[in-house]
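Structural description and commentary
The chain contents come next:
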Amino acid sequence: MKPSKAIFAEVIRLRGEIEQHNHRYYVLDEPSVPDAEYDRLMRRLREIEAEYPELVTPDSPSQRVGGSAISAFGEIRHAVPMLSLDNCFDGGELADFDRRVRARLGKDGDVDYSAEPKLDGLAVSLRYEQGQLVQGATRGDGSTGEDVTHNVRTIPSIPLKLRGSGWPDVLEVRGEVVMPKAGFEKLNALARERGEKTFVNPRNAAAGSLRQLDPRITAQRPLAMYCYAIGEVRGGEMPDRHSAVLVRLAEWGFKVSPEVRVVRGVQGCTAFHEDIGRRRAELPMDIDGVVFKVDSRAQQTELGFVARAPRWAIAYKFPAQEELTEVQAVEFQVGRTGAITPVARLKPVFVGGVTVSNATLHNMDEVERKDVHVGDTVIVRRAGDVIPEVVRVLPERRPATAQAVVLPEVCPVCGSAVVRPDGEAVARCSGGLFCAAQRKEAIKHFAGRRAMDIEGLGDKLVDQLVEQELVRDPADLFALTVDQIAGLDRMGRKSAENLVAALNASKQTTLARFLFALGVMGIGETLAQALADHFRDVHALLEVRLEDLIGGEGVVGIGPKSAQAIVEYMNRYVAAPGDALADDTMLNADVLGALNIPQLTATRADALAARFPTWGALKRVQVEDLVGGGTRVAGIGAVLAEQIVGFFAQRHNREIIERLLQAGVTWAVSTPNADSGAQPLAGITLVLTGTLVGISRNEAKDALQALGAKVAGSVSRNTRFVIAGAEAGSKLTKAENLGVTVLDQAGLETLLRGEIPGT
Ligand code: 5U1
């Protein structure tokens, strides 16, 4: 049957709406509708396209899921070569570059530069003809690259069709395909969970994902493309400043780094390099430096090229984040929950701007997977403030004397047995709080900034307190006297008095912080907040039963994120051409395992099969069928529920909690969602940025949340206020660009009084 006009119109409307949501979500980082609404639109589009295949077009958003695999990559000759960049590594070399530019241009004054982060990914060129994506190619040797059209089409931030109008007939857009750090961590966590090989870093993950013959694999990888240049342009004009070109590309639907600025002269470049360098670890993706480009395109032409690099651009690199060194020993550290972590003692090496002599090896599975031996030469990576890690071994450099790493049978601190249940990666000391290492870590966690926030109680002090047996558990802290503390190493009377005062001050806290501070295994800040909101009182938790936490209609163990991933997978699978399972296929963990559904561990697969026994029942599953009922407290599944119930049932933990309450630990009883009278900021979304005076960002966040505000991590059109302290950076700029009201310290104080500025 031919599609009716109404169907035709609906398809056009659905595609427009979906592309608009894609653009908001993947390019602007500003989600505009709930995921369920997006899924509904996509489902409807797929339904119509399945019924009327003649309506399917290559630029339909349904076509991003990845078509069939190719047998080999074709070659593509770049119409305009893809250039590389000259590098510099210090201020002197940067000044030399600027001098050369000015000399060639015969310019005395400062030159304007476009300043951009140098993303660590894979350079790619996209070709658009009449606004339609027709080709994607890797850089290759700069003249010829590989044809990755089938894969770039699956990257949601790459427009299949240009937005707006006025594009040239032919337009090549160049940029970097990257894997954001968060996506990389998730991908590797999943690989670890499944016992698969992990990627060594986000760049390799991005490159590996793009160089896949099967686009369905690429489609599942969290890739993004940031554009920074143009190649061939025919049948149209581009602006005469590079910065304006980037603005134009953004208007046509490309993602451009929000960090790009125009800076003046070498001083502007240096300030930009320092600013980004300071924020490098906080950026959502790895960068290995910054790039400066002469902003005037006429001047770029005047400057020209030398060999394969332009004279008008330079990369100012950051210190390398990966270096080679040697494993001199592997020792085992005992953490708060008894987890035994192998740590490589390294020959000291300068990496990521500091000297590194230790690197985590995570667990014994990781040691085995990476095949680390004492004596090996390894690549060590230190990215930002993240704990350095061994990325991989260079087996060709292994000496004959290299020794295998063996998990000790007893805890290196307390001598209790080390247990490692079958199939688990983590080995644990069975000593519990008998083990001094676990006691120290539990108390450090309790005192931490995000927990009870006991100022002045640093790690070294905790070590002494435990070693001298002044403190065995967190409740003992509140019985410490000035005399006891003043007797410790490097502690004068004044510091001891300050610490006692800080201990007293910390007693006034929030229930969420208190629960987090107790250190229940698996309970981070978010879940502690969810428990606090749900139970409101620690006494309710002391009586908590499994059925208070889980046991509704959904699937135990599946939270909102996993549900989303599973549903997206189902939709893709159902839409993909080729063999499908028969509707009456009975499901079990093996059948589901063979489908390689993301986030579906064996436990979750069992639970899923129990709730949806056949493929026919499962394939139409919705997010809301999976979450909600299965867990009564958001984010808490079966395993965590058991841990929570177990923790509060233990006599020892109950005693500590009672003693903490007797010592005067207390919090205002909040009624977060029910009593909007006590929530004057309910419904208001805020973002905090920069350094505040007299209050940390965490403290401000807690206080604002207690008043009902939602404190978000990034600025969008839904943000009501951005509170900007000193040295606020990109969030402030984004707020200004979006026209979001920016408040200063005085505005924050108004909010903290429960008043809304400007009303
Ligand atoms: N941000 C940015 N990265 N990057 C890499 N700009 C930029 N420009 C490049 C390269 C290779 O080359 C230009 C010469 C277009």
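Residues numbered from 1 in each chain as written. Predicted model: local features only at pLDDT ≥ 70, side-chain atom pairs only at ≥ 80, totals over all residues. Heavy atoms only, no water.

Packing of helix α25 (residues 638-649) against helix α26 (residues 651-662) brings their axes to within 5 Å, and their N-to-C directions diverge by 70°. On the basis of their axis angle, the class for α25 and α26 is roughly perpendicular. In this structure, α25 uses Phe 647, Phe 648 and Ala 649 to contact α26, whose residues at the interface are Arg 651, Asn 653, Arg 654 and Ile 657. Its residues placed into classes, the contact of α25 with α26 shows four nonpolar, one polar and two charged. (Axes fitted to C-alpha atoms, helices over the stretch in contact; angles between N-to-C directions. Helix = DSSP H or I, 4+ residues; strand = E, 2+ residues; numbered from the N terminus. Parallel < 35°, antiparallel > 145°, perpendicular 65-115°, else oblique. Contact = heavy atoms within 4.5 Å. Nonpolar A, V, L, I, M, F, W, Y, C, P; charged D, E, K, R; others polar.)

Leu 83, Leu 85, Glu 116, Pro 117, Tyr 228, Ala 229, Val 291, Lys 293 and Pro 310 make up every residue found near the ligand. Glu 116 places a polar side-chain atom, nitrogen or oxygen, 2.9 Å from a nitrogen atom of the ligand. Between the ligand and Pro 117, the relevant distance is 3.1 Å, taken from a nitrogen atom to a main-chain nitrogen or oxygen of the residue. For the ligand, whose accessible area on its own is 380 Å², the fraction buried by protein is 88%. Taken together, the elements giving at least two residues each to the shell around the ligand come down to β3 (112-119), β8 (224-234) and β10 (287-294). A class-by-class count of the residues in the shell around the ligand yields seven nonpolar, no polar and two charged. (Near = heavy atom within 4 Å. Polar contact = N/O pair within 3.5 Å; in protein donor to acceptor, adjacent residues only side chain to side chain. Areas by Shrake-Rupley, 256 points an atom, 1.4 Å probe, with all protein chains shown as cover.)

What follows covers the packing of helix α27 (residues 697-706) against helix α29 (residues 745-752). It is at 10 Å that the axes of α27 and α29 come closest, and there the two elements cross at 40°. With respect to their mutual orientation, α27 and α29 come out oblique. Packed against α27, whose contacting residues are Ala 700, Ala 703 and Leu 704, the element α29 presents Leu 748, Leu 751 and Leu 752 at the interface. Looking at the contact of α27 with α29 residue by residue, the class counts come to six nonpolar, no polar and no charged.

With that settled, consider unusual backbone geometry. The phi dihedral of Asp 371 falls on the positive side, at around 55°, and the residue is not glycine. Within the element layout of this structure, Asp 371 appears in the loop between α11 (364-370) and β17 (373-374). In this structure Asp 371 comes out as partly exposed when scored by relative accessible area, which is 37%. The phi angle at Arg 490 is positive, at roughly 60°, despite the residue not being glycine. With respect to the secondary-structure elements, Arg 490 resides in the loop between α14 (482-486) and α15 (493-506). Look at Arg 490 and you get exposed, because its relative accessible area is 85%. (Buried < 20%, exposed > 50% of the residue type's maximum accessible area, 1.4 Å probe, protein only.)

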